[in-house]
Amino acid sequence: MLVTLFWFFVTFLILSIVLWFIVYFKYEFYLRKFSGPMPLPIIGNLHHVGIKEDLLPSITKLIHQHGHVIKLMFGFRPQIFVSEVNFVEFLLSSNTIIKKSYDYNFFHMWLGMGLLTSFGQKWKRHRKLLTPAFHFKILERFTDVYGNQSNVLLKKLEEVNQNEAIDIFPYITLYTLDVICEATMNTSINAQANPKSDYVQSVKEVCRIITERTFSVKTWDFFYRFSKDYHKEQKAVNVLHDFSNSVIKHRYEELQEHNLKNVKDLENWGLKKRVAFLDLLLTSTIDGNPLSHKEIREEVDTFMFEGHDTTSSGISFTLYCLSKHQEIQDKVFEEVAEILGDDKNAKVSYENLQNMKYLEKVIKESLRMYPPVPLFSRILTENAIFQDKVIPKDVAIVVSLYNLHRNPALFPNPDVFDPERFDTENLHNVPVYSYVPFSAGPRNCIGQKFAMLEVKATVSKILRTFKLLPVLEHQPLLVANAILTSENGLPIRLQKRKL
Ligand code: HEM
């Protein structure tokens, strides 16, 4: 029996190695003009990037050795990692290279084929339908949501001992979940008040599993289906789908009952409730047909995912940077005080937020150094030609935003936090595609204006109540999960301001 198993294993290994070489040479024929480290059979270059904690430092090291365009094999999958501005422009401005790579399949169980994961005609139609949801007239109504939810956040922060170092990230994650839920569905999950609720725990669980799959054998569905996480994910996704299903159904019935057919009807409706993204989905049509319940749920869930983790990372890193740079923090505080006056409970309007120009530069600089989406990728559905080099179909192209934004040729002294880089006077020589925290081109972030408003509203609100003090010896250990996080947290100390 043991001998049979041994020969089975040896045959399997030999066949895998042969297959790997066939795949490798098929792509290498075209990719030989690109530089990259030598792969090994079967694992490819996985040993060059290591586990997820090592990914960003490993990519940075490879860039020093091979430049800003690197070819890698992840197992049997050819990839090109890019942080070179011309290549980034070529990729992001393309109207044809818009399919997301296989890493995004991990989101399918929760998000289905929503805007983030879909492609082709479905993506085009939904993108067109959802774009008006981010018109400023709709966005300006969300300032109340930021205001109400940040009051809850401030109460929680006031309970923390003054001067005690706290990791700000978990507080902000619960807050951004509350914000996006209210903006998307006009309902509350009370994540801040009830962090142990099934919904919040399920979001956490699904995000953990998605992240861990990327760096383990569970990346292959075949192995994943035999793992405990597969069943855990199914259970968590059921909780998330049950919640969105019931909100969608309830809202659909409400609209039917009151014969509300479009946004105008909703706005004029007696209750004067804020129009949420869900309302737009329920009242829109594509070629005269309404979206199906499943399609609506996919988009609602996509907003819930894309709209909370990313902003959570953006807000947390901005607060962290401000705690480390007291002079910059003082300038932001002065600007905010000038715009909003002494009353720290005063309502903040859309216009107030638009006027916070210095804060905007600070946020932009934080998104440069700590891009919430540090890596994202596309897969070629047909051969492409970049600078006379053919890149064959099925190669994944990964944009390493983290390295693009820290390229010294584009941003001198890239590790120095300097908001003045974003002064209009200093931006003349910076190529457009060198700074793309929200991606760019046809598949850019649809929620970027919403996100900027939310980050501004939250940071300005926290600064009016607290001075942020640094934890001096701390340096973040950056990890590229689905979003950028810090392995050792983002500790800051809070000191109540005397107004
Ligand atoms: C600081 C906050 C945010 C950052 C840095 C950010 C960044 C990005 C990036 C880089 C992409 C492209 C990803 C890719 O190509 O795979 C993206 C796509 C997307 N984002 Fe955001 N995002 C943020 C906030 C939001 C918010 C608040 C929403 C929703 C309200 C949102 C919804 C989306 C959606 C739906 C897509 C897919 C768009 C498409 O493919 O057509 N994002 N985001």
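Source: prediction; values computed, not measured. (Residues numbered from 1 in each chain as written. Predicted model: local features only at pLDDT ≥ 70, side-chain atom pairs only at ≥ 80, totals over all residues. Heavy atoms only, no water.)

### A look at the site of the ligand
Okay, step 1: Around the ligand lies a shell of 27 residues, among which Tyr104, Trp123, Arg127, Arg443 and Cys445 are the nearest.
Okay, step 2: Here Leu115 contributes a backbone N or O atom positioned 3.3 Å from an oxygen atom of the ligand.
Okay, step 3: Secondary structure elements with two or more residues in the shell around the ligand: helix 6 (120-130), helix 15 (293-306), helix 16 (309-324), strand 6 (375-379) and helix 21 (448-465).
Okay, step 4: The residue makeup of the shell around the ligand, split by class, is 15 nonpolar, 7 polar and 5 charged. (Near = heavy atom within 4 Å. Polar contact = N/O pair within 3.5 Å; in protein donor to acceptor, adjacent residues only side chain to side chain. Helix = DSSP H or I, 4+ residues; strand = E, 2+ residues; numbered from the N terminus. Nonpolar A, V, L, I, M, F, W, Y, C, P; charged D, E, K, R; others polar.)

### Here's the deal with the layout of surface pockets
Okay, step 1: Reported here for the second largest pocket is a volume of approximately 790 Å³.
Okay, step 2: If you trace the second largest pocket, you find 30 residues lining it, with Phe169, Thr173, Lys204, Asp309 and Thr485 closest to the centre.
Okay, step 3: Within the residue set of the lining of the second largest pocket, elements represented by two or more residues are helix 9 (168-185), helix 10 (198-214), helix 16 and strand 12 (484-486).
Okay, step 4: Here the residues of the lining of the second largest pocket sort into 13 nonpolar, 9 polar and 8 charged. (1 Å grid on protein atoms, 1.4 Å probe; cavity = no way out; pocket = protein on both sides within 12 Å on 5 of 7 lines; lining within 4 Å. Points joined across faces, edges and corners; volume = space filled by probe spheres on them.)

### Notes on the packing of helix 16 against helix 19 (residues 357-369)
Okay, step 1: Contact pair helix 16 / helix 19: the axes reach a minimum separation of 9 Å and the direction vectors enclose 105°. The orientation of helix 16 with respect to helix 19, classified from their angle, is roughly perpendicular. Where helix 16 approaches helix 19, its residues Gly314, Phe317, Thr318, Cys321 and Leu322 are matched on the opposing element by Val362, Ile363, Ser366 and Leu367.
Okay, step 2: When the residues that make up the contact of helix 16 with helix 19 are grouped by side-chain class, the tally is 6 nonpolar, 3 polar and no charged. (Axes fitted to C-alpha atoms, helices over the stretch in contact; angles between N-to-C directions. Parallel < 35°, antiparallel > 145°, perpendicular 65-115°, else oblique. Contact = heavy atoms within 4.5 Å.)

### Side note on a nonpolar patch on the surface
Okay, step 1: On the surface, a cluster of nonpolar side chains totalling about 670 Å² of accessible area is made up of Met1, Leu2, Leu5, Phe8 and Phe12.
Okay, step 2: With respect to the helices, strands and loops of the structure, Leu5 is situated in helix 1 (residues 2-31). (Patch = residues over 30% accessible without salt bridge, like charges linked within 9 Å, V, L, I, M, F, W, Y side chains within 5 Å. Areas by Shrake-Rupley, 256 points an atom, 1.4 Å probe, with all protein chains shown as cover. Salt bridge = Lys/Arg side-chain N within 4 Å of Asp/Glu carboxyl O.)

### Side note on the pattern of salt bridges
Proximity of charged atoms lets side chains of opposite charge pair with each other.
Okay, step 1: Tallied over the full model, the rule gives 24 salt bridges.
Okay, step 2: A salt bridge links Arg368 to Glu365; its shortest N-O distance comes to 2.8 Å. One end of the pair, Arg368, and the other, Glu365, are both in helix 19, 3 residues apart, so they sit about a helical turn from each other.
Okay, step 3: With relative accessibility at 0%, the residue Arg368 sits in the buried group.
Okay, step 4: A salt bridge links Glu365 to Arg421, with the nearest nitrogen and oxygen atoms 3.0 Å apart. On the criterion of sequence distance, the pair formed by Glu365 in helix 19 and Arg421 in the loop between helix 20 (401-405) and helix 21 is long-range, its members being 56 residues apart. Across the pair, exposure class does not vary: Glu365 and Arg421 are buried alike.
Okay, step 5: Each member of the salt-bridge network shares a partner with another, and the members are Glu205, Arg208, Glu212, Lys218 and Asp229. (Buried < 20%, exposed > 50% of the residue type's maximum accessible area, 1.4 Å probe, protein only.)

### Some details on the UniProt feature "transmembrane region" (unreviewed entry) in the chain
Okay, step 1: The UniProt entry lists residues 6-25 under the feature "transmembrane region" (unreviewed entry), expressed in the numbering used here.
Okay, step 2: Structurally, residues 6-25 comprises 100% helix and 0% strand, and the distance from its first C-alpha atom to its last is 29 Å. (UniProt positions renumbered as here; feature names shortened; annotations may be inferred.)

### Observations concerning the sheet that holds strand 1 (residues 69-74)
Within a sheet, each strand pairs with its neighbour through backbone hydrogen bonds, oriented either parallel or antiparallel.
Okay, step 1: On the basis of which strands lie adjacent, the open sheet formed by 4 strands has the order 1-2-9-6 and mixed pairing. Single-partner strands in this sheet number two, and they are strand 1 and strand 6. Across the sheet, the mean angle from the axis of one strand to that of its neighbour is 25°, orientation sign disregarded.
Okay, step 2: Pairing geometry for strand 1 and strand 2 (residues 77-82), over 6 bridges, is antiparallel. (Pairing = 2+ DSSP bridges.)

### Re the coordination of the iron atom of the ligand
Okay, step 1: Exactly one protein atom donates to the iron atom of the ligand; that atom is Cys445 (SG), 2.3 Å from the metal.
Okay, step 2: Relative to the elements of secondary structure, Cys445 occurs in the loop between helix 20 and helix 21. (Donors = N, O, S within 2.8 Å, 3.2 Å for Na, K, Ca; no water.)

### Quick look at the environment of Leu477
Okay, step 1: Counting through the fold element by element, Leu477 comes out in the loop between strand 10 (466-469) and strand 11 (478-480).
Okay, step 2: Distance from Leu477 to Glu487, taken between C-alpha atoms, is 5.3 Å for residues 10 residues apart in sequence.
Okay, step 3: Excluding residues that lie within four positions of it along the chain, Leu477 makes contacts with Thr485, Ser486, Glu487 and Asn488.

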